[in-house]
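# Commentary on secondary and tertiary structure
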Amino acid sequence: MSAHFEERSGLVPCATPWGRWYQTMEEVFIEVNVPEGTRGRDVKCSLQSRHLSLTVAGKDVLKGKLYDSTIADEATWTLEDQKLIRIVLTKTSRDAGNCWSSLLENEYAADPWVQDQMQRKLTLERFQRENPGFDFSGAEISGNYSKGGPDFSNLER
């Protein structure tokens, strides 16, 4: 079995004071660095459709309204090696045009260059899904790729 598109093509992370976040067409990934030795009982994480709250050892780390809606029942968080919390959110709208420009409303925004790279990546991911026989993982894209790029779905094959 071959690796997923996002694994072959690399990530476009947005750095934050507590870690980083990145996205694919379907999911948003959040990686939070926590003090080494953190235990699961030290973590309180609430993942709702439009809100996120993360408290570690009684201190708020991340809290607010998400940039866009997610499917709350599919959200997960894990504590890895007692030093990293990984949160995975499933986007409600899963198309290349739904590129989050920030993790929370008005917080943790991607800078313009990172936002551009995220949008390129999601557009290439869309092309990969529409053309499964081709490998777009190393491709470069230019031109009008905002909002998921041009729509070729109505062209004759």
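This structure is a prediction, so every number in the text was calculated from the model and none was measured. (Residues numbered from 1 in each chain as written. Predicted model: local features only at pLDDT ≥ 70, side-chain atom pairs only at ≥ 80, totals over all residues. Heavy atoms only, no water.)

In this section: helix α2 (residues 112–130). Counted at 1.5 Å a residue, the expected span for α2 with its 19 residues is 27 Å, and the 27 Å between its end C-alpha atoms agrees. Residues of α2 that are buried: Val114, Gln115, Met118, Gln119, Lys121, Leu122, Thr123, Leu124, Glu125, Arg126, Phe127 and Gln128. Between a side-chain oxygen at the N-terminus of α2 and the backbone nitrogen of Trp113 the separation is 3.0 Å; the capping residue is Asp111. (Helix = DSSP H or I, 4+ residues; strand = E, 2+ residues; numbered from the N terminus. Expected span 1.5 Å × (residues − 1). Buried < 20%, exposed > 50% of the residue type's maximum accessible area, 1.4 Å probe, protein only. Polar contact = N/O pair within 3.5 Å; in protein donor to acceptor, adjacent residues only side chain to side chain.)

One pass over the full model with this rule turns up three aromatic pairs. Summarising the aromatic geometry, the rings of Trp18 and Tyr108 are spaced 5.2 Å apart at their centres and angled 75° between planes, so their arrangement reads as edge-to-face. Taken together, the positions of Trp18 in the loop between β1 (14–16) and β2 (19–23) and Tyr108 in strand β10 (residues 107–109) put the pair 90 residues apart, joining distant regions of the chain. Taking 6.0 Å as the distance between ring centres and 45° as the angle between the ring planes, the aromatic pair formed by Tyr67 and Trp100 counts as tilted. Of this pair, Tyr67 sits in the loop between β6 (59–65) and β7 (76–80) while Trp100 sits in the loop between β8 (84–90) and β9 (102–104), and the two are 33 residues apart along the sequence. For Trp100, a relative accessible area of 0% puts it in the buried group. (Phe/Tyr/Trp six-rings, centres within 6.5 Å; stacked < 30°, edge-to-face > 60°.)

Turning our attention to the environment of Arg126. As for its placement among the helices and strands, Arg126 is situated in helix α2. Residues Arg126 and Phe136, 10 residues apart in the sequence, show an inter-C-alpha distance of 9.6 Å.

Turning to the sheet that holds β7, a few remarks are in order. Read from one edge of the open sheet, five strands run β1-β2-β3-β8-β7, paired in antiparallel fashion. One side of each edge strand has no neighbouring strand; the edge strands of this open sheet are β1 and β7. In this sheet, neighbouring strand axes are inclined to one another by 15° on average, regardless of whether the strands run parallel or antiparallel. Strand direction decides the pairing type here: β1 and β2, joined by three bridges, are antiparallel. Looking at the pairing, Thr16 lines up with Gly19 of β2. (Pairing = 2+ DSSP bridges. Axes fitted to C-alpha atoms, helices over the stretch in contact; angles between N-to-C directions.)

The full count for this structure, using the stated rule, is eight salt bridges. For Arg50, the salt bridge identified is with Glu105, shortest N-O distance 3.0 Å. Of this pair, Arg50 sits in the loop between β4 (43–47) and β5 (51–56) while Glu105 sits in the loop between β9 and β10, placing them 55 residues apart in sequence. Residues Glu80 and Arg86 are paired through a salt bridge, measuring 2.8 Å at the closest nitrogen-oxygen approach. (Salt bridge = Lys/Arg side-chain N within 4 Å of Asp/Glu carboxyl O.)

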